[in-house]
Structures are given as structure tokens and as C-alpha cells.
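# Coordinates in review
Here is how the chains run, residue by residue.
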Amino acid sequence: MNLDNCPRCGRLFAKNFRDVCPACIKDIDKEYELCTTYLRENKGAIITELSEATGVSIRQITKFVREGRISLVNAPNMSYPCEVCGTLIRDNHICDNCRARLQKDANKLKSTFASKPDDGKTYERT
Ligand SMILES: [Zn+2]
Ligand SMILES: [Zn+2]
């Protein structure tokens, strides 16, 4: 059996496919129910409203959305924070700005490596 600490409550539990302990799975399922019920009745809700009304953390709601458990199709105003800057988005993990910046950083890194001075000598490893 593969024992691990639950990342949510810290209790030791036998690892399962959900990565949290059975007690937390139950909690999370309850939170999920609260969210879907609220969204069914308040289709125009935004994530902060949903979080306040249900007591479920924005982080957990974000997780539901990413896992595809909460669909944004039926919640036109729902969005979740970009992982980097917190801007509200509806696609991907990060916003367009952060994606562009990361892309630029990645390119810069690549060119730094590419422009590393190369004296043409080959070194023999001993
Ligand atoms: Zn737990
Ligand atoms: Zn961002």
C-alpha cells in the first residue's frame, strides 16, 4: 500500500487516484455539489460570487473548472484566475499576457544558449 500525506488536510492516507484522502474527497464532492447547485440557479455568477455564496475557495473552484467538472459553457460570466498574475481568464492556465511573456522569456533563454561563445575547440573528456 502506498501511504502519503493528504495535501489538503495533512492526514496520512492510502494513495488513490484522486490524490487526497477519503475524508477530503467527501468534502470536495460536497463543495462541488454546492457550486453546481448555485450555478444552476445563478447562471450569471462570477467566481468571487460563487466563492462567497458557497464558502468554497476560489482555488478549489478553479480546480473544478480545470478538471472539467464545472463547465463554463453554462456559466457565461465565470472565469478563473491566471496562475501567474491572477487576471480572470476562461481558457488555459495562464492569461494571454503571461503566455506572451513566458514565450518571450523562453526565446531569450534559447538565444542566450545559442549565442554562448564557442571557441571552436573540442574538449576531450578524461
Ligand atoms: Zn485529506
Ligand atoms: Zn497572467
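Predicted model, so just to flag it, every value in this text is computed and none were measured.

Calculation notes
- Residues numbered from 1 in each chain as written.
- Chains lettered and ligands numbered in written order.
- Predicted model: local features only at pLDDT ≥ 70, side-chain atom pairs only at ≥ 80, totals over all residues.
- Heavy atoms only, no water.
- Donors = N, O, S within 2.8 Å, 3.2 Å for Na, K, Ca; no water.
- Tetrahedral: all angles 85-135°; square planar, octahedral: opposite > 155°, others 65-115°.
- Buried < 20%, exposed > 50% of the residue type's maximum accessible area, 1.4 Å probe, protein only.
- Domains from an automatic or database assignment.
- Contact = heavy atoms within 4.5 Å.
- Buried area = accessible area lost by both parts, 1.4 Å probe.

Here we take up the coordination of the zinc ion (ligand 1). Around the zinc ion (ligand 1), the protein supplies Cys6 (SG), Cys9 (SG), Cys21 (SG) and Cys24 (SG) as donor atoms, at distances of 2.3 Å. One way to put it: the four donor atoms around the zinc ion (ligand 1) meet at angles of 106 to 117 degrees, and that makes the site tetrahedral. In primary-sequence terms, the residues that donate to the zinc ion (ligand 1) follow C-x2-C-x11-C-x2-C. A residue is classified by how much of its surface remains accessible, and cysteine 6, at 3% relative accessible area, is buried. Assessed through its relative accessible area of 36%, cysteine 9 is described here as partly exposed.

By a widespread convention, an interface's size corresponds to the accessible area lost as its parts come together. Assigned domains within the protein chain: domain 1 (19–80) and domain 2 (82–114). Placing the centre of domain 1 and that of domain 2 at their C-alpha centroids yields a distance of 26 Å. Contacts between domain 1 and domain 2 engage nine residues on the former and nine residues on the latter. Interface area for domain 1 against domain 2, summed over the two sides, is near 670 Å², with a carbon-plus-sulfur share of 45%. On the domain 1 side of the contact with domain 2, Arg66, Ser79 and Tyr80 bury the most area, a combined 74% of that side's loss.

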